[in-house]
Structure formats: C-alpha cells, structure tokens
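Take a look at the letters that make up each chain.
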Amino acid sequence: MNEQEPKNKIGMKVYYDLQSGNVIVITPESAGIVVETTREQDFKLYKALDDKVPDSVGMIQLEYGAYMLDRAEGGTIARVDLETLEPLFDYPPKPDEEPQPPMISFTFQIAELAAENQRLREENNTNQLALMELHMMLLSLMPNTG
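Right, let's walk through the structure included here. Bear in mind the structure is a predicted one, so any value in this text is a computation, not a measurement.

**Considerations on the overall build of the protein chain**
Thinking step 1. On a plain count of helices and strands, the protein chain comes out with four helices and eight strands.
Thinking step 2. Put simply, the protein chain runs from its N terminus to its C terminus through helices and strands in the order β-β-β-β-α-α-β-α-β-β-β-α.
Thinking step 3. Taken over C-alpha atoms, the radius of gyration comes to 25 Å for the protein chain, far larger than the 15 Å a tight globule of 146 residues would show.
Thinking step 4. The dimensions of the protein chain, computed from C-alpha atoms along their principal axes, are 90 × 45 × 35 Å.
Thinking step 5. Relative to its full complement of 146 residues, the protein chain shows a buried share of 20%.
Thinking step 6. Considering only intrachain contacts with a sequence separation of at least 6, the fraction spanning at least 24 residues in the protein chain is 48%.
Thinking step 7. For the protein chain, the accessible surface area stands at approximately 10,900 Å², while carbon and sulfur atoms represent 57% of it.
Thinking step 8. A distance of 7 Å separates the average location of the 12 positive side-chain charges in the protein chain from that of its 25 negative side-chain charges.

**Focus: the packing of aromatic side chains**
Thinking step 1. Inspection of every chain in the model, using the stated rule, returns four aromatic pairs.
Thinking step 2. Ring plane angle 15° and centroid distance 4.0 Å describe the contact between Tyr-91 and Phe-106, whose orientation is recorded as stacked. Taken together, the residues Tyr-91 in the loop between β7 (87-90) and β8 (103-104) and Phe-106 in helix α4 (residues 106-141) connect sequence positions 15 residues apart.
Thinking step 3. Assessed through its relative accessible area of 14%, Tyr-91 is described here as buried.
Thinking step 4. An aromatic cluster of at least three residues, connected via ring pairs, comprises Tyr-67, Phe-89, Tyr-91 and Phe-106.

**Quick look at the pattern of salt bridges**
Thinking step 1. Taken as a whole and assessed by the stated rule, the structure comprises four salt bridges.
Thinking step 2. As a salt-bridge pair, Glu-29 and Arg-71 come within 3.5 Å of each other at their nearest N and O atoms. Pair noted here: Glu-29 is in the loop between β3 (23-27) and β4 (30-31) and Arg-71 is in helix α3 (residues 68-72), with a separation of 42 residues, a long-range link.
Thinking step 3. Among the ionic contacts, a cluster of salt bridges with common partners joins Glu-116, Arg-119 and Glu-123.

Cut-offs applied
- Within each chain, residues carry numbers counting from 1 in the order of the written sequence.
- Residues qualify for local features only when their pLDDT is at least 70, as the model is predicted, and side-chain atom pairs are given and counted only at 80 or more; totals for whole chains, interfaces and linings, by contrast, use all residues.
- For the side-chain quantities, the full set of heavy atoms in the structure was used; hydrogens and water were omitted.
- Helix numbering and strand numbering both begin at the N terminus, where a helix is a DSSP run of H or I of at least 4 residues and a strand a DSSP run of E of at least 2.
- Radius of gyration: over C-alpha atoms. The globule rule applied is 2.2 Å multiplied by the number of residues raised to the 0.38 power.
- Only protein chains enter the calculation, and the probe is 1.4 Å; a residue is then buried if its accessible area is under 20% of its type maximum, exposed if over 50%, and partly exposed in between.
- Here, two residues are considered to be in contact whenever any of their heavy atoms come within 4.5 Å of each other.
- All accessible-area figures derive from a Shrake-Rupley calculation using a 1.4 Å probe, and residue coverage is judged against the displayed protein chains alone.
- His is not counted, nor are the chain ends, whereas Lys and Arg count as positive and Asp and Glu as negative.
- Note on charges: their place is set at NZ of Lys, CZ of Arg, CG of Asp or CD of Glu.
- By convention, a stacked pair of Phe, Tyr or Trp rings (six-membered ring in the case of Trp) has centres within 6.5 Å and planes under 30 degrees apart, an edge-to-face pair has planes over 60 apart, and any other such pair is tilted.
- Within this document, salt bridges are pairs made up of a side-chain nitrogen of Lys or Arg and a carboxyl oxygen of Asp or Glu, the two lying within 4 Å of each other.

This is the structure we're talking about:
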C-alpha cells in the first residue's frame, strides 16, 4: 500500500424510506483517521433521521469510491430501487433535453454493457466455428473436379 494512501476508508451510507425508496440522508465517505458511526449514532447525528421511526428506514453501505464516475458526471443518488437495493441517480439535464426520472448508475450500465459485449463476443466465436464446419461439410459434398 502506498504510504500516502489513507489506511481507513469508509464509504457513504445511504439511508432511505423503506416504502418509497426516497433518499433521506447520505453520509459522506471519509478516509484517514476516522471511525465509522453506528446506525444509532447516525439517527442522533443527522436531523433528517432524528424524527424518523428507525424501522421505516433502510440503509445501504457503499464501498469507498463507489460510483465515482456517476458523481463526476453530476449524478446524485435520489432513490434506492427497493427490489435490487441499487442506488438510482438523478443526472443534471443537458441544455437541450428534459429532466429524466432517477435511473440506474452509469457505473452499473457500463458493467452490464461489458458483460453483454463479452456474451456477444463468445456467441460470435461460436457462430464463426459453426460456419467453418458447415463450409467444410459443403466442400466434402462437392464432386472432385480435378
């Protein structure tokens, strides 16, 4: 590990309403000489959580540096998908487009596209092998004109 790199890294915690998935509080990520807070401490520390019934609030802990690309693009976590527990992002609209509803992260979309690309590459290889076999079979059926 690099001497300059902090040893203790704590990712963001996303607290959300269990009924709607709407974000209530996102704790900042931190690194260095830091101590991770407990859920109970967070409910006392953050005013937005203080008046909530703890059983009505869910929480996902993100890895340190998670969704860095999305945050660099101006994305903010607006909701949590209640089925997948993945964060849904709001991105600032480009000057010529309408605002979009919260969507899955660019990070997740890139991972999905990479997996699909790999699947297509493997399928392409399989199809090329089948075509070569078919070509060889056709050649063996043709009369020898020599």
